[in-house]
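Architecture and fold: a report
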Amino acid sequence: MSPIDLKGRIALVTGASRGIGYFTALELARAGAQVIACARTVGGLEELDDAVKADGGLPVTLVPFDLGDMDAIDRLGAAIHERWGRLDILVANAGVLGTISPIGHVEAKVFEKVMAINVTATWRLIRTVEPLMVQSDAGRALILSSSAAHKCKPFWGPYSVSKAAVEALARTWAGETQRLPLRILSVDPGGTRTAMRAQAMPGEDPETVPHPSEVARALLPLVGPDQTETGKLFIVREKRIVDYRLPD
């Protein structure tokens, strides 16, 4: 049984069919939360539901759709409102890598998709869930980012740009809601044994990076009412929350 008690809490996780999203949804359910799981892959969502049921958790509400469908994001917010009237936890995890290539060689359609899924859909999600999260007595939002947002490594242009923008969204949202019970953190999970990591680092031994279940366990304490920081960045590898700062 999880040491974090989330009984009665409603949690939404995007990209929940695999990787960090899957295991975070599983940890939330183990802690007693009612999980709403979103992803494109129906089979992965069904596997999550089976795993939660095997653990004795509440049946997961499965929402299979592509985050590129912006109208579907709006409908999701309306459906959560109709059924529960609020949302306590958001884990905005879904994202795409794009291509690893010189920035001048990136195809327009690839760049546009990365920005649509990683940035525009995150903004649309924030817009959709904010009215629900302010109804919670202790709303907690985690917006998944990456060290790529700060390192801006050569050949990682679209992904780095998108994650920098996602952090700007999270920080802005946190600033606008700091007087409310809602707390918002960006999360840098570090290199993790996921399909995206394998795509980005095809020659890497996956056993040399942490399993996504380790990241999920590190995230769980951040969504409880006791976590009161907002507008900051949680670095999973260091297990600490850090401040943003302006350039020197």
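Further up the page is the structure itself.
Described below are features of the structure shown in this document.

The rules behind the values
- Residues numbered from 1 in each chain as written.
- Predicted model: local features only at pLDDT ≥ 70, side-chain atom pairs only at ≥ 80, totals over all residues.
- Heavy atoms only, no water.
- Pairing = 2+ DSSP bridges.
- Helix = DSSP H or I, 4+ residues; strand = E, 2+ residues; numbered from the N terminus.
- Axes fitted to C-alpha atoms, helices over the stretch in contact; angles between N-to-C directions.
- Contact = heavy atoms within 4.5 Å.
- Phe/Tyr/Trp six-rings, centres within 6.5 Å; stacked < 30°, edge-to-face > 60°.
- Buried < 20%, exposed > 50% of the residue type's maximum accessible area, 1.4 Å probe, protein only.
- Parallel < 35°, antiparallel > 145°, perpendicular 65-115°, else oblique.
- Left-handed = near helix turned anticlockwise from the far one by under 90°.
- Core = buried A, V, L, I, M, F, W, Y, C linked by side-chain atoms within 4.5 Å.

1. Here's the deal with the sheet that holds strand β8 (residues 240-242)
Read from one edge to the other, the open sheet built from eight strands follows the order β3-β2-β1-β4-β5-β6-β7-β8, with strand pairing classed as mixed. Pairing within the sheet leaves two strands with one partner each, and these edge strands are β3 (61-64) and β8. Strand after strand, the sheet turns through a mean of 20° between neighbouring axes, direction not considered. Pairing analysis gives three bridges linking strand β7 (residues 232-235) to β8, with the strands arranged antiparallel. Counted as the bridge partner of I235 is R240 from β8. Against the sheet, helix α1 (residues 19-30) makes contact with β1 (10-14), β2 (34-39) and β4 (89-92), and its axis sits at roughly 170° relative to β1, the strand it touches most. With respect to the sheet, helix α4 (residues 108-133) is in contact with β1, β4 and β5 (140-144), its orientation differing from that of β4 by roughly 175°.

2. With respect to the packing of aromatic side chains
Enumeration over the complete set of coordinates arrives at two aromatic pairs. On the numbers, 5.0 Å between centres and 75° between planes, the contact of Y22 with F23 is edge-to-face. Exposure remark for F23: the relative accessible area of 21% places this residue in the partly exposed category.

3. Overview of the packing of α1 against helix α2 (residues 42-54)
Between α1 and α2, whose axes approach to 10 Å, the crossing angle comes to 30°. By the criterion of interaxial angle, the relationship of α1 to α2 is roughly parallel. The interaxial crossing formed by α1 with α2 has right-handed handedness. Here Y22, A25, L26 and A29 of α1 come into contact with α2, specifically with G44, E47, L48, A51 and V52.

4. A closer look at the nonpolar core
The biggest cluster of nonpolar side chains holds 34 residues, and the ones touching the most others in it are L12, L76, L87, L90 and W173. Of all the secondary structure elements, the ones that give two or more residues to this core are β1, β2, α3 (70-83), β4, α4, β5 and α6 (157-176). Beyond its immediate stretch of four places on either side in the chain, W173 contacts L90, I126, V129, E130, M133, A141, I143, L182 and I184.

5. As for unusual backbone geometry
In the Ramachandran plot, F155 falls in the positive-phi region, its phi being about 80° despite a non-glycine side chain. Following the sequence through the fold, F155 ends up in the loop between α5 (148-151) and α6. Not every positive phi belongs to a glycine, and K239 is a case in point at roughly 50°. With respect to the secondary-structure elements, K239 resides in the loop between β7 and β8.

Shape descriptors only; they carry no functional weight alone.
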